[in-house]
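# Residue-level structural notes
Listed below, chain by chain, are the residues.
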Amino acid sequence: MAAQSLGSTAARIADARACTLGEGVFWHPRREQLFWFDILGKRLLSQQDGQPLEWALGERSSAAGWIDSDRLLMASETALSIFDLRNGARERICALEAENPLTRSNDGRADPWGGFWIGTMGLEAQPQAGAIYRYYRGELRQLFADITISNAICFSPDRRFAYFADTDRQRIWRQALDEQHGWPNGEPQPFIDGRVAGLNPDGAVVDSQGRLWNAQWGASRVACYDSNGQFLQAVAFPASQISCPAFAGPDLSTLFATSAREGMEDDQLAAEPHAGKLFAVDVPAQGQAEHQVVL
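Rules behind the numbers
Residues numbered from 1 in each chain as written. Predicted model: local features only at pLDDT ≥ 70, side-chain atom pairs only at ≥ 80, totals over all residues. Heavy atoms only, no water. Helix = DSSP H or I, 4+ residues; strand = E, 2+ residues; numbered from the N terminus. Contact = heavy atoms within 4.5 Å. Pairing = 2+ DSSP bridges. Axes fitted to C-alpha atoms, helices over the stretch in contact; angles between N-to-C directions. UniProt positions renumbered as here; feature names shortened; annotations may be inferred.

### Let's talk about the environment of serine 69
For serine 69, the location among the structural elements is in the loop between strand S6 (61-66) and strand S7 (71-76). Along the sequence, serine 69 and tryptophan 36 sit 33 residues apart, while their C-alpha atoms lie 16 Å from each other. Contacts of serine 69, omitting those with residues within four sequence positions, involve His28, Arg30, Arg31 and Leu85.

Printed below as a string of C-alpha cells:
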C-alpha cells in the first residue's frame, strides 16, 4: 500500500531528546502540555514554555491519563499509580501483573466514561503473554487475554467503539461498547488487517471526525483510516520505528508522534539520526481532547 502524503508540511523535530522506546504521548487539555514516555529509559518527558522537563521513574512506564491539573494516572510494569507532577510523588492504586516479572505495561488511554484501558506485553514480546485491562470505579478487570503486543487503544467520538491492536498479529479490532458504562458489548470485530501490506500497527488515536490515525512500526508513517477501516492517506516521518501519535496544541490540529531506537544497529542509526525523537506535523484534522480519568 503506497503512502500518499497528507498535506504539504514536512514533519519537524518537536523534541531532540532521543528515546530508546518512545511511547504514550498525550496532550493534557487543562495544562496545555504534552507528555510522553521513554519506556526502556524509565522516564517521563515533557516540555513547558519551550523548556524540556523529565522525571526519572525507576521502572518501565508507558502510558497515562489525566486526573486533574496536577495528577496523572500512570501505568508501569507493576502498577497503576497516581503521579503528582508537582513533586514526582507516586501513590499506588492497584497492582498490574506485579506478580509476573516477565511482563510490562504498554499502550493505554482513558475512555469517555472516565475509565482507563491499559495493555501489557512480555518483556521479550513472548507470544500471548500480555492482556488488555480496564480500570473503572476502583476495579481493574481483564478484558482481552492472549495478546502479544498490546497497542492502538483508542475510542470513537460517538462513544460507540473502542479499538485495540496486537502488533504481532498485524491487526486492529473494533469493540462495541455499552452506552451506560463503556464495557465491551459482544465480541471484537476485525477492523484493519495489516498482513497483506506488511504493516505493523502500533499506537493509535481517533480524531473528532471518527478517523483512526495509526502509527505503523517499521513504516516511517502514521496512516489515516476512515470509520469503516478504509485507508485514506498517511503522514511520513524521518524515522522508521514510529510508535504512538497524538493530536495536540490549543486547537488539537498538530499531530505528534513518538519513535524508537530500540533494536537498531549502528548502521541503521547512522541512516536514521533522528530515531527516538518526538516529531510534529500540522495536519488538516482535529483531534479529540483526552478524556479525564475518574478515580
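### Points about the sheet that holds strand S13 (residues 139-147)
With antiparallel pairing, the four strands of this open sheet are ordered in space as S10-S11-S12-S13. Taken across any chain shown, the strands that pair with only one partner, and hence form the sheet edges, are strand S10 (103-110) and S13. Strand-to-strand, the axes of this sheet are offset by a mean angle of 20°, without reference to chain direction. As paired elements, strand S12 (residues 130-136) and S13 share six bridges and run antiparallel to each other. Note on S13: the bridge partner recorded for arginine 134 is arginine 141.

### Some words on the UniProt feature "domain: SMP-30/Gluconolactonase/LRE-like region" (unreviewed entry) in the chain
Per the UniProt record, the feature "domain: SMP-30/Gluconolactonase/LRE-like region" (unreviewed entry) sits at residues 21-261. In residues 21-261, helix accounts for 0% and strand for 57%; the two terminal C-alpha atoms are 6 Å from one another.

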